[in-house]
Amino acid sequence: MDKLYFVVGSQDLYGDECLRQVAADAKVMADFFNEKLGAKVKVELLPTVVNSETCIADMRKVSCDDECIGVMTWMHTFSPAKMWIKGLQELRKPLLHLHTQANEKLPYDDIDMDFMNLNQAAHGDREYGFILARMRIAHQVVAGFYRHDDVVEKIGKFVDVARAINFSRHLKIAAFGNNMREVAVTDGDRVESQIRYGWECNYFALGDLVAVINAVTDAEVDAKMNEYTSKYTMKTTNIEAVREQAKYEVGLEKFLAKNGLGAFTDTFQDLHGLKQLPGIACQNLMGKGIGFGPEGDYKISALSAVLMKMAEGRAGATGFIEDYTYDLTPGQELELASHMLEVPVNFAATKPEIDVLPLGIGGKADPARLIFDGVEGDGVQVTLVDMGTHFRIICADIELVKQPKPMPKLPVARIMYRHKPNFQIGTAAWCYAGGAHHSVVSTALKREDIAMFAKLTGSEFIAIGDDTTEECLEKLARGE
Ligand code: MN
């Protein structure tokens, strides 16, 4: 179970009775958070910070516990922030500053100096906020009475983002083959992305994967085929081609598990030893939360895995997609997003059909793929690009819509969406921002989630949506 440590600040100037009350209130709060957030995280209270030593001990515990995804801090009383410097220097986990109080209302009739000394977050949290700002420590502030629903909800969102960051820092990505020849936006600085996001992206020989795939038994393929026929409609009569994909999925899953990999890339330019480009295999693996990037796009492979992790437990679909083509009817502009084959099954709004059709690229046998119409609802489209000096995360608000008409001849799964605030500004902003043609679309995540992830990982963040104006475009165009 993921853990969120709760560290409360005070000092020993106020006497033991005050510190006993601080500890007791903190315990009540931790119990409350466990009651409300217990499904996603275990909140564990650490000893009250009363000096530099207690802070160092707490933050070392936070940083060294592999089950811990982050820390939540709050100053019950005033807690001189120099006491926090050395502890915070030890912190290597996402940080939430909860600006709250043990009490909701002021006890107007009874309030005295003791009460004010005990309950002075308005004072202590400002002192603490200063040292976080001064030390340039990325963090999230949530303000409000801790029992209020909006505060609990915001802490829950931090937990989702912190869980994703923790996952990101342990994520290993296999690159089968290299980046697609000549393509710019899918490439990037793997050293920097490991430093910033933790992604260990390494090359693996396709031949080694093929060896694992070729060792998959008929019985394993039979079991996988039973899974396919129980979940999907078999439209093709070319069962052998589907069995080939089933073999890829079993082989890939074994290879990933054996090497501790949570994401991978392939490229249609390097498929030696494979008869088909992996289609259903990738679509299904993405459905299990495995990150995938086509054409060697390691960044989108990793980002998709991270955002699927962030969305865990929420309603909605999250996965990789590629911008493809538009309907430019004035005022009703829509985008059709898809890929050669590898659209995650997560996006299926209709029961997927398995079909085997020509690919028209790559010079391999006709691959089996899942075909379906996509989900609807409000969502975000997120991408990450390497600007040379830093990584930029771009997040556009979109509305996923039902496709207006059937597309009986389109041989791939697809989603459709409307840009915000409209086609002209939304897509121009994406172009000015240097947004990629590969992205992660999610109906489970919101802009605020992505913004928090960007902030806590020190990434540049550009948002596009109803608040994007012509003026914003000019700023983006100037690189501001
Ligand atoms: Mn692509």
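Positions within a chain are numbered from 1, following the residues in the order the chain's sequence is written. Per-residue local features are limited, in this predicted model, to residues with pLDDT of at least 70; the limit for side-chain atom pairs, both in listing and counting, is 80 or more; totals at the level of whole chains, interfaces and linings are taken over all residues. To obtain the side-chain values, all non-hydrogen atoms of the structure were included, while hydrogens and water were left out.

A. Local environment of the overall build of the protein chain. For the protein chain, the count of helices and strands is 15 helices and 19 strands. Using C-alpha atoms as the atom set, the radius of gyration is obtained and then compared with a globule rule of 2.2 Å times the number of residues to the power 0.38. In summary, the protein chain has a C-alpha radius of gyration of 25 Å against a globular reference of 23 Å for 480 residues, a match within 12%. Overall, the C-alpha framework of the protein chain stretches about 80 × 55 × 40 Å when taken along its three principal axes. Between two residues, a contact is recorded if the distance between any of their heavy atoms is within 4.5 Å. Taking contacts inside the protein chain between residues at least 6 apart in sequence as the whole, the part at least 24 apart equals 78%. Asp and Glu are treated as the negative residues and Lys and Arg as the positive ones, with His and the ends of the chain left uncounted. The atoms used to mark charge sites are NZ of Lys, CZ of Arg, CG of Asp and CD of Glu. Charge-centre separation for the protein chain: the mean point of 52 positive side chains lies 2 Å from the mean point of 68 negative side chains. Put simply, DSSP H or I for four residues or longer makes a helix, DSSP E for two residues or longer makes a strand, and each gets a number counted from the N terminus.

B. Just the pairing of strand β4 (residues 95–99), in detail. Each residue's exposure class comes from its accessible area (1.4 Å probe, protein chains only) as a fraction of the maximum for that residue type: buried when under 20%, exposed when over 50%, partly exposed otherwise. Most of β4 is tucked away: four of the five residues are buried. As defined by bridge partners, strand β3 (residues 68–75) adjoins β4 across three bridges and the pair is classed as parallel. From the neighbouring strand, V71 faces β4, where its bridge partner is L95. Pairing between strands requires that DSSP locate at least two bridges from one strand to the other. Bridging between β4 and strand β5 (residues 140–143) involves four bridges; their strand directions are parallel. By the bridge assignment, H97 is partnered in β5 with V141.

C. Fine view of the coordination of the manganese ion. A 2.8 Å cut-off from the metal defines N, O and S donors, relaxed to 3.2 Å for Na, K and Ca; water is not in the atom list, so some sites may appear incomplete. The coordination sphere of the manganese ion contains the protein donors E295 (OE), E322 (OE), H339 (NE2) and H438 (NE2), at a distance range of 1.9 to 2.2 Å. Sequence positions of the donors to the manganese ion reduce to the motif E-x26-E-x16-H-x98-H. Of this pair, E295 sits in the loop between β10 (291–293) and α12 (298–310) while E322 is found in strand β11 (residues 318–327), placing the two residues 27 residues apart along the sequence. Residue class for E295 comes out buried when judged on its relative accessible area of 7%. Judged by relative accessible area, which is 10%, E322 ranks as buried.

D. Local environment of the side chain of Q140. For Q140, the location among the structural elements is in strand β5. The class of Q140 is buried, set by a relative accessible area of 15%. There is a polar contact of 2.6 Å between the side chain of Q140 and the side chain of K455. Dropping the residues within four chain positions of it, Q140 is found in contact with L95, L96, H97, F158, M452, K455 and L456. Residues adjacent in sequence count toward polar contacts only when both atoms are side-chain atoms; beyond that, a polar contact is any pair of N or O atoms within 3.5 Å, and within protein one must be able to donate a hydrogen and the other to accept it.

E. Structural context of the pattern of salt bridges. The salt bridge definition used is simple: a Lys or Arg side-chain nitrogen within 4 Å of an Asp or Glu carboxyl oxygen. Using the criterion set out here, one finds 32 salt bridges in the structure. Ionic pairing is found between E44 and K42, a salt bridge with its closest N-O pair at 3.2 Å. The residue D397 makes a salt bridge to R447 at a minimum N-O spacing of 3.1 Å. One end of the pair, D397, is in strand β16 (residues 391–401); the other, R447, is in helix α14 (residues 447–456), and 50 residues separate them in sequence.

F. Examining helix α6 (residues 149–169) more closely. Along its 21 residues, α6 runs 30 Å from first to last C-alpha, staying within 8% of the 30 Å computed at 1.5 Å per residue. Taken across its 21 residues, α6 has 15 buried, putting it largely inside the fold. Here the expected length of a helix is defined as 1.5 Å per residue gap, with one fewer gap than residues.

G. Representation of the sheet that holds strand β9 (residues 263–265) in the model. With parallel pairing, the four strands of this open sheet are ordered in space as β7-β6-β9-β10. Pairing within the sheet leaves two strands with one partner each, and these edge strands are β7 (200–204) and β10. Averaged over all adjacent pairs, the angle separating strand axes in this sheet is 20°, with direction ignored. With five bridges connecting them, strand β6 (residues 172–176) and β7 associate as parallel partners. Bridge pairing in β7 links F176 to F204. Throughout, an axis means a line fitted to C-alpha atoms (over the contacting stretch in the case of helices), and angles, computed between N-to-C directions, take values from 0 to 180 degrees.

H. Here's a closer look at the packing of aromatic side chains. Stacked, edge-to-face and tilted are the three classes for Phe, Tyr and Trp ring pairs, Trp counted by its six-membered ring, which pair at centre distances within 6.5 Å; planes under 30 degrees apart are stacked, over 60 edge-to-face, the rest tilted. Under the criterion given, the structure shown has 16 aromatic pairs. Pairing F32 with Y146 gives two aromatic rings, centres 5.5 Å apart and planes at 85°, and the pair type is edge-to-face. Linking F32 in helix α1 (residues 16–37) with Y146 in the loop between β5 and α6, this pair joins segments that are 114 residues apart in sequence. For the pair F32 and Y146, a shared accessibility class is recorded, and that class is buried.

I. Inspection of empty space enclosed by the protein at higher detail. In the cavity and pocket records, a cavity denotes points on a 1 Å grid over the protein atoms alone where a 1.4 Å probe fits but cannot get out, a pocket denotes an open set with protein on both sides within 12 Å along at least 5 of 7 lines, and lining residues are residues with an atom within 4 Å of a point. Grid points are joined across faces, edges and corners, and a volume is the space filled by probe spheres set on the points. Evaluation of the coordinates by the stated rule reveals one cavity of 30 Å³ or more. The calculated volume of the largest cavity comes to roughly 60 Å³. F176, L206, L209, I213, L252, F264, D266, L271, L274 and P278 together form the lining of the largest cavity. If you tally residues by element for the lining of the largest cavity, the top one is helix α8 (residues 206–214), at three residues. Each residue is assigned to one class: nonpolar for Ala, Val, Leu, Ile, Met, Phe, Trp, Tyr, Cys and Pro, charged for Asp, Glu, Lys and Arg, and polar for all the others, Gly among them. Taken together, the residues of the lining of the largest cavity break down into nine nonpolar, no polar and one charged.

J. Examining the nonpolar core more closely. What is meant by a nonpolar core is a set of buried Ala, Val, Leu, Ile, Met, Phe, Trp, Tyr and Cys residues, joined one to another through side-chain atoms within 4.5 Å. Within the largest apolar cluster, 87 residues are counted, with the highest numbers of intra-cluster contacts made by F6, F33, M72, L98, I155, W199 and F264. Considering each element in turn, this core owes the most residues, nine residues, to α6. Not counting residues within four places of it along the chain, the set of residues in contact with F264 comprises I173, A174, F176, L252, L256, C282, L285, I290, G291, F292, G293 and S301. Of all hydrophobic cores here, the second largest spans 28 residues; its members include M225, V242, V343 and L370.

K. Geometry of a negative patch on the surface. Patches in this entry comprise residues that are over 30% relatively accessible and not in a salt bridge; like charges within 9 Å are linked, as are nonpolar side chains (Val, Leu, Ile, Met, Phe, Trp, Tyr) within 5 Å. To measure how exposed things are, a 1.4 Å probe is used in the Shrake-Rupley method; for residues, cover is taken only from the protein chains shown. On the surface, E17, D109, D110, D112 and D114 cluster together to form a negatively charged patch. Tracing the sequence through the fold places D112 in the loop between β4 and α4 (113–118).

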